[in-house]
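Below are the chains, spelled out letter by letter.
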Amino acid sequence: MTNPHSVPGNVKPLAALISLLLISGTASAQQSQIEEVVVRATPIRDSQLAALEAKRNALNMSDVVSADTIGRFPDQNLADSLGRLPGLAIERDQGQARFINLRGAPFRYTSIAFDGIDVPGAENGRIPRFDSFPSVITSRVEANKAMLPSMPGDSIAGYINIHTFNPFDREGFAVNVDLGSGQQALGDGDMERSGMRASWSNEQFGAVVFASHNSRDQITDNREYDLETAANGDLIVHELDFRSYKVTREDSAQGGRLEWRGTGAVESVFLSSLYSEFIDSEQRNQYVVALPGLTGNKGFGPANAVSRLLEDGQYDNSTFTNTLGTNLSLGDWYVEARLTNTETERNQNLPITYDIGLAGAAYDVSDIEDPLLVLTAMGTANPITPGQINYNVRNLGLFVADVLDNDADKFKLDAERETGLFGTTTFLRFGLQQDSRAAQGYSTIAYGASPVAAGIDPEQYNTGKPWDSMTTNSIGGSYYNNVALRKAWQASPAWRVPVPADNERIYIEEDVTSLYAMATLEYDWGNVVVGARNEMTDYSSRGTINGSAVSVSDDFNSFLPSAHLNVNLRDDLKFRLSASTGLSRPTYNEWRAAASVDVINKKVRGGNPTLKPEETMGFDASLEWYFAPAAILSAGAFTRSIDNVIYADSSVIDGGLYTPAGAGQLWEYSGTVNGKDGRMTGLELNFISEISDLISGAPEGVGFSANITFLDSEFTGIHGQHFNLPGTSDLIYNSSIYYENYGFSARLNYQYRDEWISPIESPDEVWGAEKRVDLSLSYQLPYDFNGASMSVYLNGNNLTDEVDLRYAGNGTVNQRESYGRSYLLGVRVGF
């Protein structure tokens, strides 16, 4: 068993490299007579100042993360960075931040954009995944919480706008490099980080290119359960599931921008490109022991089905977006035109060997987070390892495949001018946006023969190396060479390429035409923003039902007014009040026309192309006190009412909707339906300050930030039941304490969210409360290396070895997942 608390060993080569750089840099400084510099920079404070200034000047309620704050936090991707803002919570997969619940809302209620160009989510066409966007490519991230008419309508909870670097941000030639290496403590997995950004500009031309790559090898120690509580309170054990995952996760991004700036009517023309990709390579080693419903914390079953599941699979998603744009000055009008193509891809390929044998089993779940299970030879108490079981009861191969490709074209035109309408300075803004999207894919599970059927013995690929685990490996699990086993299986006649059934396919075409108008009225005391957006949606969905092709098309119109009041009560005190509307369209999988029909049992399962979009109206209010240049104390409240809430359920329908033979008959439909009476409410409190801003004479450079959010949500299902919206934690809070002076920066961060329902797993599954402690240290070297600056840093994540728990609908634990802490040592160079 690897000690998860051990000091990482593979950071030593990088440490040696950094030491060498320091020595050589010092020598170079002496030879070139470069002066030693007394470093008094305050990057954390400066980035907070920039972020708060952007928040203060915004026309709506929003929060901002600046580039240096992103760099100073030990963030692995943008989800980590955003998760530190008020009202934003992270949902993780095997410890890595993946999705954002903004204000406790489902993932789909948040849209994402790059430089103001919204792009489709790689997950089901709607849901943005943030694990494919490394934080080093960004200059600023805005989390908009109250929507302006100029923002896309499908942003019920929020609109995340990611600003990439512009070549004119810095004149001349500039290069920034970030190199890091570290270790995941559980399993001694390697971590690598590399990033580069180079730019050049003069008065007319500018170019920037950037690239990044992050990788992490990790072990995920997993225990899953099927438990029940008897009427007398005793525990009933139906199944214990022991797993160890060997995972390699990589995210990469490449892109750039080429821009020309003029002095006439054409102010600028640019071409930008961004490609980002996330790859999750996974080797699964799993044993599932079916127990005969034994009662009590301890027990023994003389004959139990033991399943061995081995997998070498991969999940990947990517986003490729290209924009051609121009900014024009046409008399009194300032015009922005953008033409964008975005392609998103999602692929999942999980071939799993599934072999079943028999063995005795003694279990002890007295410590539910560390269950003990010892396998024995049939009918005896003699311990055996899983590799000694004869898996001859059943031999299967599972082939899981999930594919979705989305091609989206966008034309966007915005025009603005200053006028004297309404007796004051008024900025009028109008816009047109045309989106055309086409998506196709499928989701299927195919069954075939395991390698055993082809004469391949998986035990020949058993390495004998015991699992690395933070729990007790009582079952005696050892790692297999899953990669070699898959190659042998793939070369055998038992291998199968999954072919989806027609009723599992997705074909969606969607056109959205958007028009908006807004006016910003400026007064001595602040401003008022009023306007409306209108979105006309036309969609069609093709599929197959009982071998017959079907096509469903529809169109609808969404009128989305909004108003925002921003009042400067004093120079340092701001009050905001907003009313806004929005919508959320069904995902492509939900909207698909294909379905499976069981005529005999009168059942239908599949997509629902008649789903209505979710519609919302909401109000926001906030009071913001900027009591020092880089400080704030604020309170905000919000409420949203949501109609047509989309969720999974069973309903009674007219069978004629899916087949003529069912006309006039009551059939059972299982899939997504529209609920009603949804609502979200919340209160956000935020505080950022340095101690010296509060206490006269206190040491400079010591700061603190904290935010806390109280949330509540509910909707009514079609049968009258009441549910929470997926993603809602009643309580979310973050806190940080930092010190920076003389080139040294240290920041300790704590995150917490209480339990919530996840839409990814079973809808009745509850994720337990999560907390994280992270640390970031950096030191700016006090030398000028011929114009270059250098800093070294050390990041630590999950320092307290937190684990993730999930609970079944009956209140019992059904999953425990742990992965240990991680460390990353690196160097940043800029000139």
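Residues numbered from 1 in each chain as written. Predicted model: local features only at pLDDT ≥ 70, side-chain atom pairs only at ≥ 80, totals over all residues. Heavy atoms only, no water.

J.: Just checking my understanding: could you explain the overall build of the protein for this structure?
T.: Each helix and strand counted, the protein has seven helices and 41 strands in total. Radius of gyration (C-alpha) of the protein: 28 Å, near the 28 Å computed for a compact globule of 831 residues. Long-range contacts, defined as pairs at least 24 residues apart, comprise 71% of the intrachain contacts of the protein with a sequence gap of at least 6. Summing over all exposed atoms, the protein offers an accessible surface of approximately 32700 Å²; the carbon and sulfur share of this is 55%. Taken together, the 63 basic and 105 acidic charged side chains of the protein have centroids lying 0 Å from each other. (Helix = DSSP H or I, 4+ residues; strand = E, 2+ residues; numbered from the N terminus. Rg over C-alpha atoms; globule rule 2.2 N^0.38 Å. Contact = heavy atoms within 4.5 Å. Areas by Shrake-Rupley, 256 points an atom, 1.4 Å probe, with all protein chains shown as cover. Lys, Arg positive; Asp, Glu negative; His and termini not counted. Charge placed at Lys NZ, Arg CZ, Asp CG, Glu CD.)

J.: Help me understand the nonpolar core, please; the structure alone is not making it clear to me.
T.: Note on soluble globular proteins: their nonpolar side chains tend to be buried together. Ranked by internal contacts, the top residues of the largest apolar core, which has 45 residues, are Leu82, Ile100, Tyr109, Phe130, Ile160, Val604 and Tyr658. Residues within four places of Ile160 in sequence aside, it is in contact with Leu82, Leu102, Thr110, Ser111, Ile112, Ala113, Phe130, Val141, Glu142 and Ala143. Counting residues in each nonpolar core, the second largest holds 32 residues, with Tyr287, Ala361, Val365 and Met470 among its members. (Core = buried A, V, L, I, M, F, W, Y, C linked by side-chain atoms within 4.5 Å. Buried < 20%, exposed > 50% of the residue type's maximum accessible area, 1.4 Å probe, protein only.)

J.: Sorry if this is basic, but what is going on with the sheet that holds strand E28 (residues 646-654) here?
T.: Neighbouring strands of a sheet are bound in pairs by backbone hydrogen bonds; such pairs are parallel or else antiparallel. On the basis of which strands lie adjacent, the open sheet formed by four strands has the order E24-E25-E29-E28 and mixed pairing. Of all the strands in the sheet, the pair left with one neighbour each is strand E24 (595-598) and E28. Taking each pair of neighbouring strands and ignoring which way they run, the sheet shows an average axis angle of 20°. Of the pairings in the sheet, the one linking E24 to strand E25 (residues 603-606) comprises four bridges and is antiparallel in character. Bridging from a neighbouring strand, Asp598 pairs with Lys603 of E25. (Pairing = 2+ DSSP bridges. Axes fitted to C-alpha atoms, helices over the stretch in contact; angles between N-to-C directions.)

J.: Explain the environment of Ala67 to me, please; I cannot follow it from the model alone.
T.: Tracing the chain through its elements places Ala67 in helix H3 (residues 67-72). In this structure Ala67 comes out as partly exposed when scored by relative accessible area, which is 26%. Taking the C-alpha atoms as reference points, Ala67 and Ala50, separated by 17 residues in sequence, lie 9.7 Å from one another. Excluding its chain neighbours within four sequence positions, the residues that come into contact with Ala67 are Thr138, Ser139 and Phe165.

J.: When you look at a negative patch on the surface in this model, what are you seeing that I'm missing?
T.: The grouping of Glu509, Asp511, Asp538, Asp554 and Asp555 at the surface amounts to a negative patch. Elements represented by at least two residues in the negative patch include exactly strand E20 (505-523) and strand E22 (548-570). Overall, the relative accessible area of 32% leaves Asp511 in the partly exposed class. (Patch = residues over 30% accessible without salt bridge, like charges linked within 9 Å, V, L, I, M, F, W, Y side chains within 5 Å. Salt bridge = Lys/Arg side-chain N within 4 Å of Asp/Glu carboxyl O.)

J.: Explain the packing of aromatic side chains to me, please; I cannot follow it from the model alone.
T.: When we look at a pair of aromatic rings, we describe it by the centre distance and by the angle of the planes. Going through the model one piece at a time under the given rule, you end up with 21 aromatic pairs. Here Trp333 and Phe430 contribute two aromatic rings whose centre-to-centre distance is 6.1 Å and whose plane-to-plane angle is 50°, an arrangement assigned as tilted. Taken together, the residues Trp333 in strand E14 (residues 333-364) and Phe430 in strand E17 (residues 426-448) connect sequence positions 97 residues apart. For Phe430, a relative accessible area of 38% translates into the label partly exposed. Aromatic side chains Trp756 and Trp767 sit 5.3 Å apart centroid to centroid with 45° between the ring planes, which places their arrangement in the tilted category. With Trp756 in strand E35 (residues 756-757) and Trp767 in strand E36 (residues 766-767), the pair connects residues that are eleven residues apart, well separated along the chain. An identical accessibility class is assigned to Trp756 and Trp767; each is buried. Members of the aromatic cluster, each reached through a chain of ring pairs, are Trp625, Phe627, Phe687 and Phe704. The lysine or arginine in question, Lys246, covers the ring of Tyr479, its NZ or CZ lying 5.0 Å from the ring centre. Just above the ring of Trp756 sits the side chain of Arg753; from NZ or CZ to the centre is 3.6 Å. (Phe/Tyr/Trp six-rings, centres within 6.5 Å; stacked < 30°, edge-to-face > 60°. Lys NZ or Arg CZ within 6 Å of the ring centre and 35° of its normal.)

J.: What exactly am I supposed to notice about the pairing of strand E40 (residues 813-818) here?
T.: Of all six residues that make up E40, six are buried, and the element is covered over most of its length. Across four bridges, strand E10 (residues 205-229) lies against E40 in antiparallel orientation. In the strand pairing of E40, Arg223 is matched with Arg816. For strand E39 (residues 804-807) and E40, the ladder comprises four bridges, and the chain directions are antiparallel. Each bridged residue has a counterpart across the sheet, and for Arg806 the counterpart in E40 is Gln815. Linkage of E39 to E40, two consecutive antiparallel strands, is achieved through a turn of five residues, within which Gly811 is found at a positive phi near 90°.

J.: How should I be thinking about the pattern of salt bridges in this particular structure?
T.: Oppositely charged side chains can form a pair if their charged atoms are brought close together. Overall, the coordinates contain 45 salt bridges when judged by the stated rule. Here Asp693 and Arg45 are joined by a salt bridge, their closest N and O atoms 3.6 Å apart. With Asp693 in helix H7 (residues 691-694) and Arg45 in helix H2 (residues 43-57), this residue pair connects regions lying 648 residues apart in the sequence. By relative accessible area, which is 27% here, Asp693 ends up partly exposed. Among the ionic pairs, Asp241 bridges to Arg243, the shortest N-O distance being 3.0 Å.

J.: In this structure, what is going on with the sheet that holds strand E1 (residues 62-66)? I would like to understand it.
T.: Taken together, five strands build an open sheet; the order of strands is E1-E6-E7-E4-E5 and the sheet is mixed. The sheet is open, and its two edges are formed by E1 and strand E5 (117-119), each paired on a single side. Here the average twist between neighbouring strands, direction ignored, is 25°. Relative to the sheet, H2 contacts E1 and strand E6 (138-144), its axis offset from that of E1 by approximately 150°.

J.: What's the story with the environment of Gly662 in this structure? I'm lost.
T.: Note on placement: Gly662 falls in the loop between E28 and strand E29 (666-674). Taking the C-alpha atoms as reference points, Gly662 and Lys602, separated by 60 residues in sequence, lie 7.8 Å from one another. Aside from chain neighbours lying at most four places away, what touches Gly662 is Asp654, Gly655, Gly656 and Trp667.

J.: What's the story with a nonpolar patch on the surface in this structure? I'm lost.
T.: A cluster of nonpolar side chains, namely Val266, Val269, Leu271, Leu324, Leu339, Phe411, Leu413, Leu432, Leu515 and Met536, defines an oily patch on the protein surface of about 780 Å² accessible area. Contributions of two or more residues to the nonpolar patch are made by strand E12 (266-295) and strand E16 (394-419). Top contributing element to the nonpolar patch by residue count: E12, with three residues.

J.: I would appreciate a short explanation of H2 in the present structure.
T.: Residues spaced three or four apart along an α-helix point in a common direction, a consequence of the helix completing one turn every 3.6 residues. When the terminal C-alpha atoms of H2 are compared, their 21 Å separation across 15 residues agrees well with the 21 Å that a helix rising 1.5 Å per residue should span. Every buried residue of H2 is accounted for by Pro43, Ile44, Ser47, Gln48, Ala51, Leu52, Ala54 and Lys55. All buried residues of H2 project into a common sector of 160° when viewed along the axis, lining one side. (Expected span 1.5 Å × (residues − 1). Arc of directions from axis to C-beta.)

J.: Please explain unusual backbone geometry as it appears in this structure.
T.: Working note: non-glycine residues mostly have negative phi, and peptide bonds are mostly trans. Even without being glycine, Lys602 reaches a positive phi, approximately 55°. Locating Lys602 in the fold gives a position in the loop between E24 and E25. Unlike most non-glycine residues, Asn644 shows phi in positive territory, near 65°. As for its position among the elements, Asn644 is in the loop between strand E27 (631-643) and E28.

J.: I'm lost on the side chain of Ser450 in this one. Help?
T.: Note on placement: Ser450 falls in the loop between E17 and strand E18 (462-466). At 2.9 Å, the side chain of Ser450 forms a polar contact with the side chain of Asp355. Ignoring any residue separated from it by four or fewer positions in sequence, one finds Ser450 in contact with Asp355, Asn395, Leu396, Gly397, Trp489 and Ala494. (Polar contact = N/O pair within 3.5 Å; in protein donor to acceptor, adjacent residues only side chain to side chain.)

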